[in-house]
Every structure is written in C-alpha cells, then in structure tokens.
Amino acid sequence: MNKPIFRVALVLVSATVFASSTNCGALAQDDLGLGVNQSKPAAPRTHATRQARPNRTARPGTHQAPATRANSGAGATMSEVRQDVVRELERLATPQTPDAQHKIDVINKEAEELFQKGMYQDALLRWQKAYGESIETKYSEGQGLALTGMCRVYVSQGKYVKARHLGENAVEVLAAINSRTLLGKARIALAQAYTGLENHVWAAKQLDAALELIVSNADKEPLEAADILRMSGGLLLQYKKVKEAIQFFQGSAKYSEQGGDLASALWMHTHVASILTELGFYVAALEEAQKAVVISERIKDPRAKITALSSRGNIEYVLGEFYNARLTYDEAFQIAKTLPPKGDMSKEGKAYLLMGYAFALVATGDDELASRYLNQVIPFFEKEGKYYHQAESVNAMGILKANAGEAYKALPLFAQARDLQTFIKPPQPGMHVMILRNMAACEFRLGKPRESFQHLKTILPFFEKHKDRLQMQKAQVNVSLAEVSMKLGDIASAETYLNDAITLGETLKDDSSLWRAYTLRAHLALIKKENDKAKEYLKTALSHFRSPQAGYFPNAELLRFPSSRREFGLQLAALVASQGMTEHALLVAEQLKEERFISTFMRKGATVKATDKDVYDDLMRQRAHLHAAENASTPDKFTKEWTEWLTRFSTLARENSSLARLIAPYPTSVKEILETVRQKDVTVVDYLVGEKSSMAFTVDPQGRISATVIPTGEDKLKKAVADLLTQQNGDEHKVLKSLYLELLPQAVRSFLPISTDKQIVIIPDGVLYNLPFSALCDADGKYLVEKHLLTLAPSMRYLLDATSGAGGAVNMLLASNGNPMEQEEASQISSVLLPDPVSTLTTRQADLETLSNEVQGKSVLHLVTAIPLTEANPYSNAIPFTKGATASQLFGIAMPRDLVVLSGSSLSGAKLDGDAVQAFSRGLTYAGTQNLLMSLWKAPDDARIAELVSFYKHKKEGMNAAQSLRKAQLLSMSSDRNPRSWASFQLLGLGM
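Novice: Describe the nonpolar core, with residues and values.
Specialist: Membership of the largest hydrophobic core comes to 234 residues, with the highest contact counts inside it found for Ile663 and Tyr687. With twelve residues, helix H16 (residues 347-363) is the largest single contributor of residues to this core. Once residues lying within four places of it in the same chain are set aside, the contact partners of tyrosine 687 are Lys593, Met695, Ala696, Ile710, Leu743, Leu744, Ile762, Ile763, Pro764, Asp765, Leu768 and Phe773. Counting residues in each nonpolar core, the second largest holds 70 residues, with Val484, Tyr518, Ala534 and Ala793 among its members.

If you want it as structure tokens, here you go:
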C-alpha cells in the first residue's frame, strides 16, 4: 500500500515524550504483538498433541524424587511419609508476616518496572528472588505473580517451553487461592506461551477464561480490568484479530480512565490511533487521537498534551488535512518551548516532534521553516542510528527542494535516503519504492532519462514480491516508464509499458495514471500518422483528466511521475490544440490553473465566511480523506464515495458558485465562454505558464478561439518579472520589450482589437500576476496601454460571472492610519470626489468589526495604508485594522461591489511567483467586490497620488475602472515615461 511513511513516528513520539516518564502507562512490546520475538519459534506440535492438555510440571526450584518405600523409611506408609515431609517443611518455613509480604510485593513491582523498560534479564532475576522468598514465607499471591512475570520474560525471549511450564504453575497456584485478577493475568501470559508453541486451542481457552474472570469484576477493579484487556488485545493482534484487539484496547482505555489512570488511558488511545492508521482507517484513528487530546487536558503534565497533539497532528497529516496538522503541531511545539529545564522533553522526543512539524510545514509550503527543522533532526537521527527516521527526514528535504524547482539539490538527498535502506531492519519496500521513484523523477527533470529509466526498472521486482500491495504504484510506475521510454525514443518499450499501465489502471480505476497513459498513447498514434486514433485517445485522456480523483493534491513524500501534473497537463493541452480541439485545450488550461489556486488556498490555511465554513470544511475534508484512503488502498474501492462527493459539489455549484470555486474547478463550457465574450464585447488572452514552455489562448467577440505555444517557461519569466519589481538599473525597457515579444507573439497580436475603445481582458497565470502588462513595450517603444484598453481577470470563471457596475457617483469609505502622506492622499481624493459622499475611517481606532459595519452600502473601499504583500503565505499578510488581523479575515467581510483599492501595497519576498496578487484578487472577489486596484510596488508618492486623483476624476465623470486607469496612466506618462512612475497599479476585474 502506498501509505504515507511519516506516521510510523507516532508510536515513538508517544513513548518518548510522555509514556517513558509514567511507567504505569507503558506497554511491553509483546503486549501489542509487534514482532518482539526475533528467535525461531519452537517446532509445531502434532495434531494429537494440540488436542491433549499438557502435563503439569514441577514448580521451579523444587526436586521431585521417586516416593518409594525404599527411600522413605522402613515400615512407613506413603501417606505417613507425605505428612512427615509437610510438617518438616512447615517447621522450617519463614513465618508469613505483613512485612515479608510487603518486601515481596516491592520486588515484584521492581521486576515489573524493569520489564516495561525492556530490561528482561534484570526483571527475571528480580522475579526469581520474589519467587524464592514467596516459597519461604508461603505467600501464594507473591509466588503466582512471580511465576507469571517469569513466564512473560520467557515469552518475550521466544523460550515458549519454559514459559509454558511457568505459566501453568502460576495458574495452578493462583487458582488455589481464588485471586481472580492475578489469575486472569497468569492465564493471559500462559495463552501467549501456547501461542508461541502454536497450540492455539489451549491459547484460546486460557484467553476465554481470563476474560470471564475480568468481565465479572471489571467495575470493582477497573485498573486491573484495563491491564488484562490490554494484554488480551495484544494477544489477539498476534492472531491477526485486529478488529477484536482494537475493541479490547478501547475497553482498556475506558477502564483506565474510570480508575483514574489517565496516563494509561491517554497512552492507549494514541496506540489505538497508531494501529488504525497502519490499517488505513484514518478517520477512526483521528477520533482516537482526539480522545487522547481531551484526556490530556485533565493531566497536569504538559508532556501529556504534547503526546496527544503529536498523535492527532500525525493523523491529520496522513488524512491530507495539512494545514490542520500544521496548527496542531505548532500548538505542541509552543507547549514544548514552555517546559522548565527539569521537566523538559528528551532529545528523542524533541526530534520526533520537530520531524512531525517539519513534514506538515513541507506540505503547506513553508519551505524555510521546514528546512530549518529538518536540518536539526537529521543529524540527531544519524547519531542515534535511527536510520528509518533519518531516511524519512532526508527524503522530505529532497521533496522540499524538488518543489522549489531545485531538482539538482533534491537528487543527492534522495540518493542518501536510498542508501540508508541498507541499514533499516526489517526492510521497508514501500519506502524504498517511493525513494527510487523520487530519484527517477528528479533525474528526468534534470535531463537524465537513462538514469531515470534504470531506477524505475529497479522498482518492478518489488511488485512481484508484494503482489498484494503497491498495486496502484505499479500502474503509476508503468506510466512513468512509458514516458521515459518516449523521451529515449524507445517506442516499442513505451507501448509495452502503456499496455500494462492501462490494463491495471482500468482495473483499479486510477484516473491519475490513465489520463497520462492515454495522452502518451495519442502521442504514439500521431508518430505513426494515425490521427483518428490519436483523437480518440485524447478524448479518453480528457475524460480521465477531469476526474477529481486525478486532480492535483500535495504530497510531502512522493513525486508521483517524472513530469508534474501541471507540466504534463500542458503537454495534453498542446496535443489537443494541435488536433484542432482548441476548445478542449482551453478547458484543460483553466482546470490546471484552478487546481493550482485551490491547492494554495487550502495549503496556506485561507479561511472562508462564517456562513460558508461548515460546508467548505466538510467538502474539503472529504476530498482529502478520499485521496488519503486511495493511497492506502486503491481508487476502485471508493467509486461510490467519489460519486456522492461530486453530487454534493454540483449542488453547491448551483447554489453558491463563489464558494464552489474555492473547492474544485467549477464546471465551465466553451459555449458559455463564447457567449459571454460576445455579450461583453471583449477580447480575452488567457495564459498557462509551464515549467519549460507556456501557452496563450485568445477568444474574441467573433467566436474565434486560438492556442499558441510560447517557448518560455516559468523560471525565465520569474527572473524577468523579479528584475522589473526589485531592480532599478535602467534595463526596464529591455526586459519589457523582450516580454512583449514572448508573451504577445504575432499569432496572439493578430487577434487583438485595433481600436482603443475595445477592451482586452488578460487572464494571467502564476508569476504573470506580478507583471505590469500595461508597460509591455513594442519595437517602436510604444507601451501596450497606449494602444489598448486593458484589464486583468482573476480567472475565466470570474469573467463569466462578473456583471457591469454602475458608473458616475462614488460612495466611498476611505481608511488610513493618518500619517502626513496618507492624510494628503485622503484629502486630495476626497476633494476630487465632492459632492459625492466620502466616509473616513482611522485604522488606529478601528477593528475588523468596525470596518465591516462602516463599509456596508459603500461602492468603493479605498485603503490608503501601506500593505506589504509577502508571497510566502499571502493569506497571513497583516491588515492594519487590529492586531493580528490577516488577509483571510478581510476576505470574510462583505466588500463593496464596485471597487476595492489598495493604494500602498507592494510585493516582497524571495519567491515572487504571483500568489499574493492572485490571493487578494480571488479573496476579495469571493468577498463580493468586482474589481481590485492594487499597486505592485511603492511608486513615488507624488506620482502615485496624482495618478489616483486622476483615476477618481475620470471615474466620477462616468468612465468605468478600466477606462479611468488607462486615462490616468496616459496622463502620468506624459510627465514621465519611466514605467516605475506610472505602471505600478494593476486592475484585476472586468473593469466595467
């Protein structure tokens, strides 16, 4: 099964953070049946032997000589001899006193503590001492407890014959004194011994007898009941009775809590959660972890809370609730930072907590912090010889680098994780396969297809050894081999791998493999000049591509295919367009763009309106859970669940389209696009940016749709746009001319309107949100805004839903911090709008609630206050209305329908990839506004204010937002043609 590997750390977190400091809550390894026996089991008994009850044996430490007349005294009968021996032993025995019993109880307790710590030989010596002293004092309870303990030691060592002898004696001794609780424990230990000897009939009888003893007395002795139920559950795990074992463990937690042993109850819930996670029952596991969190609130030790939160965070991560996992781990991390020196966590506990936190950070795109924590835990795991977790962490660091587009840095990390597999015992085939796939993906992206092919080929034998597992990965690896074979020009091999991939993919209903497989099959058909077949394959590819099961979902551990979904999707779009299916290619591009935004919205923890929260959380959680369940099983098991999810989403799309667009790509048809473009009389230029190349689609009012491949990829565009935003070296014109030719080739320009009255709507993608399109410069030195009326749209779906706003009068709420420059801007804007109403709000005295109340009924909200927009997490950008307010909270307020202006915004950060501009435009659109005017950089104040005043003057005269901005920019340009003085403002919306 393709399960996330990180969850394995859960048991260790629980053990090292909290349970190690509370012995009452610890479980022996063998109690859970987790492979503690490393020695070879005794030979199975014959069928006849299994049916017969084993003979009783002498108690350890005694010697039974043949009792015959010859050695017992002349003339004495056997009965007389026996009575003489008993009287003599009674005379020599140490008197049974409370002090003697207490001493034996202490020894037994010490032995138990040593056993829980895994110090089995030391525990055995203590139990032997307790046994000897119990014989001397005739303390049967102590004797039975010691015999039970010794039996458990020998079970843990795989010495089942000795364990059986001791267990049988323990049962005999305790049965004689009717000690129900201790007898129950002895029967459990004996059952474990019988299990080791494969005498399952007698093992089952002992287990049944033990449970009968405890059930009748559980409410009176809840802690003893908890102990026996726990041990019974461990035994049932050995029998592969997992469901029954979990029920027993849950009963153990219940009685531990009932008896006041909250530490044991918490520990048990986290272990049940771990078992359920291993089985792929993630939702049930999360419920158990949440129970542990609730119990931890009642325990004063903060380490208990850390343990419970770590358990919950781990399962949230496995379930794909990455942002929730991050919040949970962050809470645990903050608690750990407050621990006093004497109550601090162990180094091991800290390492596992940091590892969990780092994985959640990788999944949510916080690369810098994730890298810092991984760099702390990797040396620790290496030093301690914890190779499994070292490999996990090194692999996660590789994923982090690969996601950042640094495959050359990721590859050596994956190679290191692969080399560590040699030291991991027992072997972990799932992890090994995953790391080899990561290496192959990086090598392919680095232009090393032969090396990629060899690593993928190395994986195939794993599938033969594990036919009941990894089947979904097998389909994906075959598709990957086909893609690499195509790159190598090996058509025959590509066809073979494709046939295998499609056969298995159809069986498993794995759309994520099938859309790629049919795309490659179409490419092969085109090579053979079989155009009709190619079109049919492309239609099949498109049907699988649109499936939500195939959609992009972040993974912090695995690069599933050599090419990313976005890059391979761009290839699909190009192939489809090349076959005259341009409309379908446009829909592919729109889906890829929507998937990217929705993923960012989810991963970064953006919030929605309070009225939408329950529906949003539920649908997003269900989708994440379905993806997680497929990784643990196969997609064919969840067809019904996906159908139900799609039905719910379709209903929401009809009732609340603005919310639906934040959950999944909203249904769009080419017919609807063409009708809207014709009705609004605009020309649309829609971009899709790929890793190595891009595409531009044009749609005009005459109903024409075109697709053009642009040989410029994301990295080149990022560098060019970053230079425009951050550097002032006089090379702006050179960069703007180059971008003009690349983004507006002749094939695109031929569709653009000649008249400046005809509007062009540009739908950017990725880094292009940061590009001032109005400043693109042609060979004659003319800027694009000089020839055309421009605006940008957040998405194609927005363009379809937007309606024209009212021109003329402006009813504004103007908010500022009140410093001199802001006062000047507010004063000039207010004066140009008179007598239209302008309300003012001083943000130093306001909060979000005040803003929400004041903005009602206004057509424009103008924020004078400077807002630096960071790309790392645009939804956490601070909004200056109250301490801690973020962009996400701003998006939850009902915004003016006509326009929101961020006059002092500017972009910053190491990665200028367009996420911040897109986040604000989409977020405010969701909040109700139709247009957003924001600045990409901090232009000179005088020029900026003059341009805004001109903008509002033209708007008051009846122009729409797009026309007003163009007039203002042209006026500014007449004074200074340097784009830095006039091109900073970006209008996102229909502009009408």
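Novice: Tell me about the pattern of salt bridges, residues and numbers included.
Specialist: Taken as a whole and judged by the stated rule, the model has 42 salt bridges. The shortest N-O distance in the salt bridge between lysine 103 and glutamate 133 comes to 3.7 Å. With lysine 103 in helix H4 (residues 98-116) and glutamate 133 in helix H5 (residues 120-137), the pair connects residues that are 30 residues apart, well separated along the chain. For the salt bridge of glutamate 321 with arginine 621, the shortest nitrogen-to-oxygen distance reads 3.7 Å. Taken together, the positions of glutamate 321 in the loop between helix H14 (302-318) and helix H15 (322-337) and arginine 621 in helix H28 (residues 613-632) put the pair 300 residues apart, joining distant regions of the chain. Salt bridges linked by common partners bring Arg661, Glu672, Arg797 and Asp801 together as one network.

Novice: Got a sec to walk through the packing of aromatic side chains? Specific residues and values, please.
Specialist: This model, assessed by the stated rule, comprises 24 aromatic pairs. Ring centres 5.6 Å apart and planes at 65° place the aromatic pair tyrosine 317 and phenylalanine 322 in the edge-to-face group. Summarising the aromatic geometry, the rings of phenylalanine 333 and tyrosine 373 are spaced 5.4 Å apart at their centres and angled 50° between planes, so their arrangement reads as tilted. One end of the pair, phenylalanine 333, is in helix H15; the other, tyrosine 373, is in helix H17 (residues 367-384), and 40 residues separate them in sequence. For phenylalanine 333, a relative accessible area of 16% puts it in the buried group. Three or more aromatic residues link up through ring pairs in this structure, and these residues are Phe597, Phe601, Tyr616, Tyr875, Phe891 and Phe920. The ring of phenylalanine 597 carries the charged tip of arginine 922 above its face, separated from the ring centre by 3.9 Å.

Novice: Which residues make up helix H24 (residues 511-527), and what are the values?
Specialist: For the α-helix, the turn length of 3.6 residues means that residues three or four positions removed from each other point alike. Along its 17 residues, H24 runs 24 Å from first to last C-alpha, staying within 8% of the 24 Å computed at 1.5 Å per residue. When you tally the buried positions in H24, you get 15 out of 17 residues, the bulk of the element. Looking at the residues trailing H24, positive phi occurs at lysine 529, about 65°.

Reading guide: rules and limits
Residues numbered from 1 in each chain as written. Predicted model: local features only at pLDDT ≥ 70, side-chain atom pairs only at ≥ 80, totals over all residues. Heavy atoms only, no water. Core = buried A, V, L, I, M, F, W, Y, C linked by side-chain atoms within 4.5 Å. Buried < 20%, exposed > 50% of the residue type's maximum accessible area, 1.4 Å probe, protein only. Helix = DSSP H or I, 4+ residues; strand = E, 2+ residues; numbered from the N terminus. Contact = heavy atoms within 4.5 Å. Salt bridge = Lys/Arg side-chain N within 4 Å of Asp/Glu carboxyl O. Phe/Tyr/Trp six-rings, centres within 6.5 Å; stacked < 30°, edge-to-face > 60°. Lys NZ or Arg CZ within 6 Å of the ring centre and 35° of its normal. Expected span 1.5 Å × (residues − 1).

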